[in-house]
Amino acid sequence: MPVKEFPALLKALAEVPAELNTRLACYWTLLTACRVGEMRFATWGEIEDDKQWAIPAARMKMKPRPPGPALDAGAGRAQGCRGDPRNPRR
């Protein structure tokens, strides 16, 4: 997808009639460029100071990589489900 089309994708995603957690998961995956399985099993303990996301090597398909940024937009959107009783991995 061309970078110039990315804002339109995020805007369209905001209008999808889906559960909040589903939309937040889509934002997180798109903004961090992670694999779906990495996003699904992420815990708040892996996100350091809302700035860096360190995925444990045991959950990675390939060899470990350095911690990646929990992008401000991704972290901000993810805050929407912190403490949500529907999100048991907080």
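See the structure above.
Residues numbered from 1 in each chain as written. Predicted model: local features only at pLDDT ≥ 70, side-chain atom pairs only at ≥ 80, totals over all residues. Heavy atoms only, no water.

**Quick notes on the overall build of the protein**
Defined as follows: A helix here means a DSSP run of H or I that spans at least four residues, while a strand means a run of E at least two residues long, and both kinds are numbered starting from the N terminus. Exposure categories follow from relative accessible area, calculated using a 1.4 Å probe and restricted to protein chains: below 20% of the type maximum is buried, above 50% is exposed, and the middle band is partly exposed. The criterion used for residue contact is that any of the two residues' heavy atoms lie within 4.5 Å. In these tables, accessible area is a Shrake-Rupley quantity obtained with a 1.4 Å probe, and a residue counts as shielded only by the protein chains included in the view.
Secondary structure summary: the protein contains 4 helices and 3 strands in total. Written out in order from the N terminus, the α and β elements of the protein read α-α-α-β-β-β-α. In the protein, buried positions account for 30% of the 90 residues. A separation threshold of at least 6 residues defines the contact pool for the protein, and within that pool the share at least 24 residues apart is 43%. With an accessible surface of roughly 6,100 Å², the protein has 59% of that area assigned to carbon and sulfur atoms.

**Quick word on helix α2 (residues 20–32)**
This is how the line gets drawn: A helix's residues, less one, multiplied by 1.5 Å, set its expected span.
Under the 1.5 Å per step criterion, the end-to-end length of α2 is 18 Å for 13 residues, consistent within 8% with the ideal 18 Å. What α2 keeps buried is the set Arg 23, Leu 24, Ala 25, Tyr 27, Trp 28, Thr 29, Leu 31 and Thr 32. The positive-phi residue at the C-terminal boundary of α2 is Ala 33, with phi of around 55°.

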